[in-house]
Amino acid sequence: MKDQGVPMEFVIPKEGSIGAGSYWHIVKGSANKELALKFLDEAISEKAQQGIADQLYLAPVNKNVKLSEKIASRMPFGKDGKLDDLYFSDYNLINKNRENWNEQWNKQTGQ
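Since we're looking at a predicted model, the values are computed, not measured.

1. A short note on the overall build of the protein chain
- If you tally the helices and strands in the protein chain, you get 4 helices and 2 strands.
- For the protein chain, the N- to C-terminal ordering of α and β elements is β-α-α-α-β-α.
- Taking 2.2 N^0.38 as the reference for a compact globule, 111 residues should give roughly 13 Å; the C-alpha atoms of the protein chain span a radius of gyration of 19 Å, well beyond that estimate.
- Going through the 111 residues of the protein chain one by one, you find that 16% of them count as buried.

What follows is the structure in structure tokens.
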């Protein structure tokens, strides 16, 4: 929206930001495993990761990607931050308790 002229800023609270992963998987027993591996090699290439950072503002996994000041300022960890500055949820804990938490949520919200 900011790229379209909306006067807004991404602000990281003093407590920090929550991170989320974006993952690609190859399905076990895939008939096209070699092709999938080639895709993943391309997807993590410097060129592809530069595009993902520049167009989607997602943090690159390729360490050779150089972020412009504009792009760096739009990363979830901020212009001068790094991935280590983000808080990532403990999905093992969440998944272990998901059913109970969903049940409690539904009771408390009248579902």
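From this point on, the discussion continues.
2. Side note on a nonpolar patch on the surface
- A grouping of Trp24, Phe39, Ile44 and Val61 is seen on the molecular surface, where their side chains present a nonpolar patch of about 430 Å² in accessible area.
- On the secondary structure map, Phe39 appears in helix H1 (residues 33-43).

3. Notes on the nonpolar core
- Formed by Ala53, Tyr57, Ile71, Met75, Phe77 and Leu86, the largest nonpolar core amounts to 6 residues.
- The residues touching Met75, leaving out its near neighbours within four places in the chain, are Phe10, Ala53, Tyr57, Leu58, Ala59, Pro60 and Leu67.

4. Quick notes on the side chain of Gln49
- Structurally, Gln49 can be placed in helix H2 (residues 46-56).
- Ignoring any residue separated from it by four or fewer positions in sequence, one finds Gln49 in contact with Trp24, Ala43, Ile44, Ala59, Pro60, Val61, Asn62 and Val65.

5. Observations regarding helix H4 (residues 91-109)
- Spanning 19 residues, H4 covers only 23 Å between terminal C-alpha atoms, well under the ideal 27 Å at 1.5 Å per step.
- Its axis deflected by about 60° at Arg98, H4 carries its strongest bend there.

Cut-offs and rules
- Residues numbered from 1 in each chain as written.
- Predicted model: local features only at pLDDT ≥ 70, side-chain atom pairs only at ≥ 80, totals over all residues.
- Heavy atoms only, no water.
- Helix = DSSP H or I, 4+ residues; strand = E, 2+ residues; numbered from the N terminus.
- Rg over C-alpha atoms; globule rule 2.2 N^0.38 Å.
- Buried < 20%, exposed > 50% of the residue type's maximum accessible area, 1.4 Å probe, protein only.
- Patch = residues over 30% accessible without salt bridge, like charges linked within 9 Å, V, L, I, M, F, W, Y side chains within 5 Å.
- Areas by Shrake-Rupley, 256 points an atom, 1.4 Å probe, with all protein chains shown as cover.
- Salt bridge = Lys/Arg side-chain N within 4 Å of Asp/Glu carboxyl O.
- Core = buried A, V, L, I, M, F, W, Y, C linked by side-chain atoms within 4.5 Å.
- Contact = heavy atoms within 4.5 Å.
- Expected span 1.5 Å × (residues − 1).
- Bend = angle between axes of the 7 residues up to and from the residue.

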